Amino acid sequence: MPSPPGYPNYWAAPLDRVMADLQTGAGGLTSVEARQRRARYGPNTLEQRSQAGPLRLLLAQFKNPLVLILVFAALISISVGEWIDATVVMTVVLGSAALGFWQEYRATTAVAKLRARVTLKATVLRDGHPEPVPTEDIVPGDVVLLSAGSLIPADGLVLTAKDFFVNQAVLTGETFPVEKRPGLAASTASLAERTNCVFMGTSVRSGTAQALMVETGMATRYGEIAQHLTLGPPETEFERGIRHFGYLLTQVMTFLVLAVFAINVFSQKPPIDSLLFAIALAVGLTPELLPAIITVNLSQGARDMAQHGVIVRRLSAIENLGSMDVLCTDKTGTLTVGVVELDGALDVAGQPSEAVLRAAFLNATWQTGLSNPMDEAIVAAAEQAGLTTGSDEKEDEIPYDFVRKRLSIVARHADGSFSLLTKGALDNMLAVCSHVQSDGRVIPLAGSRREQIQQHYTEWSSQGYRVLGVAVKTVAQQDTYSRDDEQDLVFIGFLLFFDPPKPDVQQTLRDLARLGVTLKVITGDNRLVAAHVADMVGLKVTGVLTGADLNNLREEALWRQAEAANLFVEVDPNQKERLIRALQKTGHVVGFMGDGINDAPALQDADVGISVDQAVDVAKEAADFVLLEHNLDVLRQGIEEGRRTFANSLKYIFTTTSANFGNMFSMAGASLFLPFLPLLAKQILLNNFLSDFPAVAIAQDNVDPELVDTPHRWDMRFIRNFMVVFGLVSSVFDYLTFGVLLWVVRATPEVFRTAWFVESLLTELVVALVVRTRRTFFRSRPGRLLWVSTLVVAVLTIALPYLPGHEWLDFVPLPLPLLGLLLLITLLYVAAAEVTKRFFYRWMGG
């Protein structure tokens, strides 16, 4: 499939020539032509280098250097005539690869399906009509309609624009949004100088525009950068812990393997057998299924979370969600229902006013920016009151932005006059008003009048109302209107909105507190409204900080006060990032829940970024999780799933670092004084392979409630101590087994290896049931798949020496008294591990 066409210097070419070259027009493409171009040029996406196909996943199972060395050693065995050994080794290697491949392939396929449920869309002109389509279906020649919050889907030229500002820091590093307008740029213009262009990956801050898409997919500037640089998301705490754990294993394994191989060769043991033994020992020490186990755990967690309405966009963030102990969110839609109703359109005296309602209705009906609940509430109330636009027509619009916090519409009336109709945050409205309408008269906005307005505002805010101001102004006809025209307005009244608290939110807040998650509300509303809502939902206010307070606090002071307060009011969007960083500085794992245009930076800075399916594109793109419902209880269920996933991932590590490490260390030590190798390479690999089957089932294991009730963090010191303590306990029983076999049973090398194989594998299987819980093992019920697979592998382990073909593995049938003795040692080991576990968690404070 050919790549989308590039168009050199299109920013310097006349617009009509670009349209002619792309065979399109101002009305966009036809649906038929769009489908043909989609089939010809492929999807409008960047190459997903990290998304592995089946073949790549299969080959990845062999990328472990130890596995490659093992294959090389098997080839050496073939060259010296050891066909049976080589066949067994290769069979186990291929079996392990197949198991890892199947688990990872199922996991990645399931996650891809979940992510597809959250698709980004853009509104394009198809057949001359606006139509929402997935961004991957955008093709060169499409005309896209853009407004505040839109994520720009491809590179193109601005056709029309109205107060159109774009945040393109991701490409140019510019701190502030840049205004875009139609025109020409020099052919040598840099990205920042191409003010007539929009680029993939950037987002619309305010205003509206139509843009002609010229380059898509990998032909975009964003795509060119992606070809030369692959930037992954920031490393999570869990990923960092896994990496450090890998470093520790590598150091131990390298020292042990080299020492064992050198000493065995020095002791004049067969060099080929010694090489295979040392490499097999390394494989036994390596938790080679750890990546697959983690992937399976995370994908299982993602599927479970999807059933509760949480779509995971970034798998590795699931553990962070479980570790989260602070959640920052707005109150709308989380503490409140999120269904805003217009409770009143009142004049300056606080009486119902049809003039105020009509001005607000025309403003809300004709605005073309981001759809919002308050405008929808105004339109619904006005239509219920029987209002229509009548003979009035829209002349122009001055879009909303987060600095002015107001929006204006210019209306043309039937008599030929023009009016500027403005609504917005009360303080910002009063700042541009010079007069007030009272009792039908327009009088100066003097001190007493301003105080009266503020008194109304305070009274209604303390009752939980969100209050906006409405103002008007007669203006002359002119070609365009701008924010400079918003001055000397006449204040005519108020709009009162009410968003009732959710009926079940108090229980949800109690559940979050039980889970150890502190809720902090960050809102642009004033402190009176926020305090009223907090009181209604039972949120105990521990401290209040305003946006002005934040500006006056130095960083160190903010760290302390941000931790103490839980209500942040009158906060500007850019202050949210500073709050999140302050909380992170004091050691918290911070989640942020947002759905607005300006929430994207905070979503990226937070340890856990959470958005909702109804959010603007730029917020969903920045989030780690997308909620299908704007509901804190859905998030609470997601937190619990994240903690279950975290706990099950650690179970595999605990299992690997207890009996498995103890067994391998014991074999390494025994090989130094035994006149023969304690296990052959193929027997070590078979041991490792069989123990992997129950390990895969850990992803669906049950998790004790106490591990879900509190946040848990990755603790390398804890894991290292766990490995040492339980490894030593395992080694004690290993050497006890060696002593019984050598001095009591006086076993031959074949009997020794068979007995040691059975005992080492049984101990690894049963200790997994012990270390998977902090409770006494029989008081915590394992998952069905885990205990069934453990039982099956245990029975197979005991039966192996008696099955046909056991001689291929150099096993011999064991006398029944010896088998009974091995089972007794295994039971004693379980008891010792249980006692050790109790003392260990007491010592570690668990």
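Residues numbered from 1 in each chain as written. Predicted model: local features only at pLDDT ≥ 70, side-chain atom pairs only at ≥ 80, totals over all residues. Heavy atoms only, no water.

### Side note on the packing of helix α24 (residues 681–697) against helix α28 (residues 784–799)
What counts, and what does not: For helices, the axis comes from a line fit to the C-alpha atoms of the stretch in contact; other axes are also lines fit to C-alpha atoms, and the angle between any two N-to-C directions lies between 0 and 180 degrees. Numbering goes from the N terminus for both helices and strands, where a helix is a DSSP run of H or I of at least four residues and a strand is a run of E of at least two. Any angle from 65 to 115 degrees is called roughly perpendicular, while one under 35 is roughly parallel, one over 145 is roughly antiparallel, and all others are oblique. Working rule for contacts: check all heavy atoms of both residues, and any pair within 4.5 Å makes them a contact. Under the convention adopted here, Pro, Cys and the residues Ala, Val, Leu, Ile, Met, Phe, Trp and Tyr are nonpolar, Asp, Glu, Lys and Arg are charged, and Gly plus all remaining residues are polar.
Interaxial distance between α24 and α28 falls to 8 Å at its minimum, and their mutual angle equals 170°. By the angle class used here, α24 and α28 are roughly antiparallel. Across from L690, F693, P694 and A697 in α24, the residues of α28 making contact are L785, L786, S789, T790, V793 and L796. A breakdown of the residues in the contact of α24 with α28 according to their chemical character gives eight nonpolar, two polar and no charged.

### Some remarks on the side chain of T422
As a reminder of what qualifies: Only protein chains enter the area calculation, which uses a 1.4 Å probe; residues under 20% of their type maximum are buried, those over 50% are exposed, and those in between are partly exposed. Within 3.5 Å is the distance limit for a polar contact, defined as a pair of N or O atoms, with the added protein rule that one can donate a hydrogen and the other accept it, and that residues adjacent in sequence qualify only through two side-chain atoms.
Note on placement: T422 falls in strand β13 (residues 418–425). According to the relative accessible area criterion, T422 is buried, its value standing at 2%. Within the local environment of T422, its side chain forms a polar contact with the side chain of S408, the two groups lying 2.7 Å apart.

### Brief notes about the pattern of salt bridges
Between side chains of opposite charge, a pair can form when the charged atoms approach closely. How we decide: For this analysis, a salt bridge means a side-chain nitrogen from Lys or Arg found within 4 Å of a carboxyl oxygen belonging to Asp or Glu.
Following the criterion strictly, the structure yields 26 salt bridges and no others. Between K331 and D525 there is a salt bridge, and its shortest N-O distance comes to 2.7 Å. Of this pair, K331 sits in the loop between β9 (326–329) and β10 (341–346) while D525 sits in the loop between β18 (518–522) and α17 (527–537), and the two are 194 residues apart along the sequence. Given a relative accessible area of 7%, K331 falls into the buried group. With a relative accessible area of 4%, D525 lands in the buried category.

### Section: the side chain of D525
Polar side-chain contacts of D525 include one of 2.9 Å to the side chain of R466. Apart from the residues lying within four places of it in its own chain, the contact partners of D525 are K331, R466, V569 and E570.

### Topic: the sheet that holds strand β21 (residues 590–593)
Selection rule: The pairing criterion for strands is at least two bridges between them, as found by DSSP.
Taken in spatial order, the eight strands line up as β8-β23-β22-β21-β9-β18-β20-β19 in an open sheet, and their pairing is mixed. What marks the edges here is a single partner per strand, and that holds for β8 (310–312) and β19 (544–546). Averaged over all adjacent pairs, the angle separating strand axes in this sheet is 20°, with direction ignored. Strand direction decides the pairing type here: strand β22 (residues 608–612) and strand β23 (residues 625–627), joined by three bridges, are parallel. In the strand pairing of β23, I610 is matched with F625.

### Some words on the nonpolar core
Soluble globular proteins: nonpolar side chains tend toward being buried together. Stated formally: Each nonpolar core is a collection of buried residues, namely Ala, Val, Leu, Ile, Met, Phe, Trp, Tyr and Cys, held together in the definition by side-chain atoms within 4.5 Å.
Core analysis: the biggest nonpolar cluster contains 97 residues, and L327, L335, F625, L632, L635 and W714 have the highest contact counts within it. Top element by residues in this core is helix α23 (residues 632–673). It accounts for 10 residues. In contact with L335, not counting residues within four places along its chain, are P501, K502, V505, L509, L519, V521, V533, V537 and L632.

### A look at the packing of aromatic side chains
The test is simple: Any two of the Phe, Tyr and Trp rings considered here, Trp counted by its six-membered ring, make a pair once their centres fall within 6.5 Å; the pair's planes then place it as stacked at under 30 degrees, edge-to-face at over 60, or tilted in between. Two thresholds decide whether a charge sits over a ring: the Lys NZ or Arg CZ must be within 6 Å of the ring centre and within 35 degrees of the ring normal.
Per the counting criterion, the structure on display carries 22 aromatic pairs. With centroids separated by 4.7 Å and ring planes inclined at 50°, the aromatic side chains of F757 and F811 adopt a geometry described as tilted. Here F757 is found in helix α27 (residues 749–771), whereas its partner F811 is found in the loop between α28 and α29 (816–843), with 54 residues between them in sequence. In this structure, F757 and F811 share a single accessibility class: buried. The ring centre of W11 lies 3.5 Å from the NZ or CZ of R194, which sits over that ring. Just above the ring of F839 sits the side chain of R842; from NZ or CZ to the centre is 5.6 Å.

### Some remarks on the packing of α24 against α27
Rules: By definition, any crossing whose near helix is turned counterclockwise from its far helix by less than a right angle is left-handed, and any crossing with a clockwise turn is right-handed.
α27 packs onto α24 with a crossing angle of 25° between their chain directions and a minimal axis gap of 10 Å. Comparing their axes, α27 and α24 come out roughly parallel. Considering only the axes of α24 and α27, their crossing is right-handed. Residues Q683, L686, N687, L690, S691 and P694 of α24 pack against R753, F757, S760, L761, E764 and L765 of α27.

### Topic: the pairing of strand β14 (residues 433–438)
Bridge analysis of β14 against strand β17 (residues 489–498) gives three bridges, and the strand direction is parallel. Paired with C433 across the strands is L489, a residue of β17. As paired strands, β14 and strand β15 (residues 441–444) are joined by four bridges and run antiparallel to one another. Opposite V436, over in β15, you have I443 as the bridge partner. Hairpin remark: β14 followed by β15, antiparallel, with two residues in the connecting loop; positive phi at D439, about 55°.

### Regarding the pairing of strand β4 (residues 155–167)
Within β4, 10 of the 13 residues are buried, which leaves the element mostly enclosed by the surrounding structure. Relative to strand β7 (residues 203–215), β4 is paired through 10 bridges, and the arrangement is antiparallel. Directly across from L157, in β7, lies its bridge partner L212. Two elements, β4 and strand β6 (residues 197–198), share two bridges in a ladder whose sense is antiparallel. Residue pairing in the sheet places L157 in a bridge with C197 of β6. Both β4 and strand β5 (residues 178–179) contribute to a ladder of two bridges, which runs antiparallel. For F165, the partnering residue across the bridge sits in β5 and is E179.

### Concerning helix α15 (residues 447–462)
Quick note on the threshold: One less than the number of residues in a helix, times 1.5 Å, gives the span that helix is expected to have. Comment: arc refers to directions from the helix axis out to C-beta atoms.
In this model α15 runs 22 Å from its N-terminal to its C-terminal C-alpha over 16 residues, within 8% of the 22 Å that 1.5 Å per residue would give. Residues of α15 that are buried: I453, H456, Y457, W460 and S461. One side of α15 holds all its buried residues, which, seen down the axis, span an arc of 125°. In α15, the exposed positions that point more than 90 degrees away from the buried face belong to S448, E451 and Q455. With its phi angle positive at about 95°, G464 sits one or two positions after the end of α15.

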